[in-house]
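As a plain string of letters, each chain reads:
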Amino acid sequence: MTEKFEKTISDKKATLTIGEKSYEFSIFGGSVGPDVIDIRSLYAQTDHFTYDPGFTSTASCESTITYIDGDKGELLYRGYPINQLAENSDFMEVSYLLLNGELPSQEEKDKFVNDITYHTMVHDQLNRFFSGFRRDAHPMAIMCGVVGAMSAFYHDNQDISDPEQRKIASYRLIAKIPTIAAMAYKYSVGQPFVYPRNDLNYAENFLHMTFGVPQCEDKKVNPILADAMDKIFILHADHEQNASTSTVRLAGSSGANPFACIAAGIASLWGPAHGGANEACLNMLEEIGTVDRIPEFVAKAKDKNDPFRLMGFGHRVYKNFDPRATVLQESAHKVLKELNIDDPLLDVAMELERIAREDPYFIEKKLYPNVDFYSGIILKAMGFPTSMFTVLFALARTVGWISQWSEMIVDPTQKIGRPRQLFTGSTERKYKDINNR
Ligand code: SDX
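For the structure given in this document, a descriptive report is provided here. Predicted model, so just to flag it, every value in this text is computed and none were measured. (Residues numbered from 1 in each chain as written. Predicted model: local features only at pLDDT ≥ 70, side-chain atom pairs only at ≥ 80, totals over all residues. Heavy atoms only, no water.)

### A few points about the environment of K302
By the element assignment, K302 lies in helix α13 (residues 294–302). Placed 119 residues apart in sequence, K302 and Q421 show a C-alpha to C-alpha distance of 32 Å. K302 has contacts with D359, Y361 and F362, leaving out every residue within four places of it along the chain. (Helix = DSSP H or I, 4+ residues; strand = E, 2+ residues; numbered from the N terminus. Contact = heavy atoms within 4.5 Å.)

### Some details on helix α10 (residues 243–252)
If you check which residues of α10 are buried, you get S244, T245, V248, R249 and G252. The buried side chains of α10 occupy one side of the element, clustering within an arc of 140° when seen end-on. Where α10 is buried, its residues contact α11 (258–269) and α18 (389–409). (Buried < 20%, exposed > 50% of the residue type's maximum accessible area, 1.4 Å probe, protein only. Arc of directions from axis to C-beta.)

### A few points about the nonpolar core
Core analysis: the biggest nonpolar cluster contains 111 residues, and Y77, F206, M229, L285, L352 and F384 have the highest contact counts within it. Ranked by residue count, the leading element in this core is helix α7 (residues 163–188), at 13 residues. Leave out the neighbours within four places in its chain, and Y77 touches I65, T66, I82, L85, V94, L97, L98, I234, L235, H236, A237 and D238. A14, Y23, F25 and L42 belong to the second largest nonpolar core, which has 5 residues in total. (Core = buried A, V, L, I, M, F, W, Y, C linked by side-chain atoms within 4.5 Å.)

### Here's the deal with the site of the ligand
In the vicinity of the ligand lie 25 residues, with H239, G312, H315, R324 and R397 positioned nearest. Within the backbone of L310, a nitrogen or oxygen atom sits 2.9 Å from a nitrogen atom of the ligand. A distance of 2.7 Å separates an oxygen atom of the ligand from a polar side-chain atom of R397. Against a free-state accessible area of 1100 Å², the protein chains account for coverage of 79% of the ligand. Of the residues contributing to the shell around the ligand, the split by class is 10 nonpolar, 7 polar and 8 charged. (Near = heavy atom within 4 Å. Polar contact = N/O pair within 3.5 Å; in protein donor to acceptor, adjacent residues only side chain to side chain. Areas by Shrake-Rupley, 256 points an atom, 1.4 Å probe, with all protein chains shown as cover. Nonpolar A, V, L, I, M, F, W, Y, C, P; charged D, E, K, R; others polar.)

### Regarding the packing of α7 against α18
Running from N to C, α7 and α18 point in directions that differ by 170°, and their axes come no closer than 9 Å. In terms of orientation, α7 and α18 fall into the roughly antiparallel class. For the pair α7 and α18, the contacting residues are R166, S170, L173, I174, I177, P178 and A181 in the first and V391, L395, T398, V399, I402, W405, S406 and I409 in the second. Class assignment of the residues belonging to the contact of α7 with α18 gives a composition of 11 nonpolar, 3 polar and 1 charged. (Axes fitted to C-alpha atoms, helices over the stretch in contact; angles between N-to-C directions. Parallel < 35°, antiparallel > 145°, perpendicular 65-115°, else oblique.)

### Remarks on the sheet that holds strand β3 (residues 36–37)
Read from one edge of the open sheet, 3 strands run β1-β2-β3, paired in antiparallel fashion. Of all the strands in the sheet, the pair left with one neighbour each is β1 (8–18) and β3. Direction of pairing for β1 relative to strand β2 (residues 21–29): antiparallel, over a ladder of 8 bridges. Residue pairing across strands places I9 opposite F28, the latter belonging to β2. (Pairing = 2+ DSSP bridges.)

Here's what the structure looks like:
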């Protein structure tokens, strides 16, 4: 298991004064990153809640999985920098790392890959769920429905207190999510589903199931595209306590089964402010259309009265560059060169990035291109429709979600998540008969 640093109790205390009274709270330190003030007894001691919509200053849990330093633009999976993993590792090895806390030996990796490979097939009756959707259904709607429906097929591993059952459920989700994602695409284009192949690696298998055509031709997967796909999966695999991961943890805190929790994470990721930003970013680039229209959109983004935001820019944590965007920028150029694509949208994207980096508004608000800015360009070049972009994000993030879910389940401090509120509604009043309203 991963090297765990016991949290330290600082000799400093946090003192809160309300009126004439003062209250003291312990301060905990971790291995790296900000210390935390233990306010678990705040309400009992002070009859006050904290107020933190969006949880911008709240640590919801203790974790050993992913660390982000927003100012340094640092992202570590179990301590390993994301650019080193993107350069030297592959998604299966990174999945093992996120799940278990350490990089696998060759033997451990071979066994893990074999276990995942032999779970890629879905129950044949799962296929019937697709025909209930319209052909033009958004694939994320299909993902929410079909992944949630997995709970109905795997009763034999929903005792979440049993580590072995948690492991098999985790493996089933990691293994089957590419198959279901490819099926969602095939259904949307009216092509037959393509079964997974055990002789292909995870990224190749996904591209085979998505773009292959059964029996008609034995289409070879382009290794450059498979490598770019694998990199995209690595870069999207986990990201600390973001909105969808927090959704998975909150759903799991009630004891809900892992399949239902991952379906909840998929639903949260769908939002354009989160994982839906890659699709929204490409739609925005298409709306801008040409380089000469960029200033018009930048002005809209700056206009306080205009809800328009530059999709693919800004981040709750990264107030410098997003290290994933740096890796993806290089990948984008490699893929476009390999496919010999001269995409005018990339010209718009490059010019938009240049302007945003020089514009005082974006510099002052620390709005830099994030992971979604480049992933959309690569995925479009690879032939994915924009509606599939967030599906690929969900595919990759499943291992992060299930790793965080597992960590939450075994956390001894774990309680059902139940935030409170600042109530500003009507105080008690008498019911009025309809004739007296
Ligand atoms: C992901 O959390 C994660 O880790 C997420 C993620 C992951 O891997 O899980 O990294 C994946 O979700 C990446 C983010 C993808 N979303 C987008 O690209 C959508 C566009 N970005 C914005 O919606 C926004 O930047 C957020 C939601 C990402 C972050 O918003 P914050 O931190 O809550 O910041 P904010 O909304 O309070 O904005 C701060 C200021 C505001 O101006 P003021 O009110 O201070 O005057 O910056 C402005 C905002 O108006 N601003 C933008 C902007 N983002 C913020 N202005 C124009 N364009 C933008 N994109």
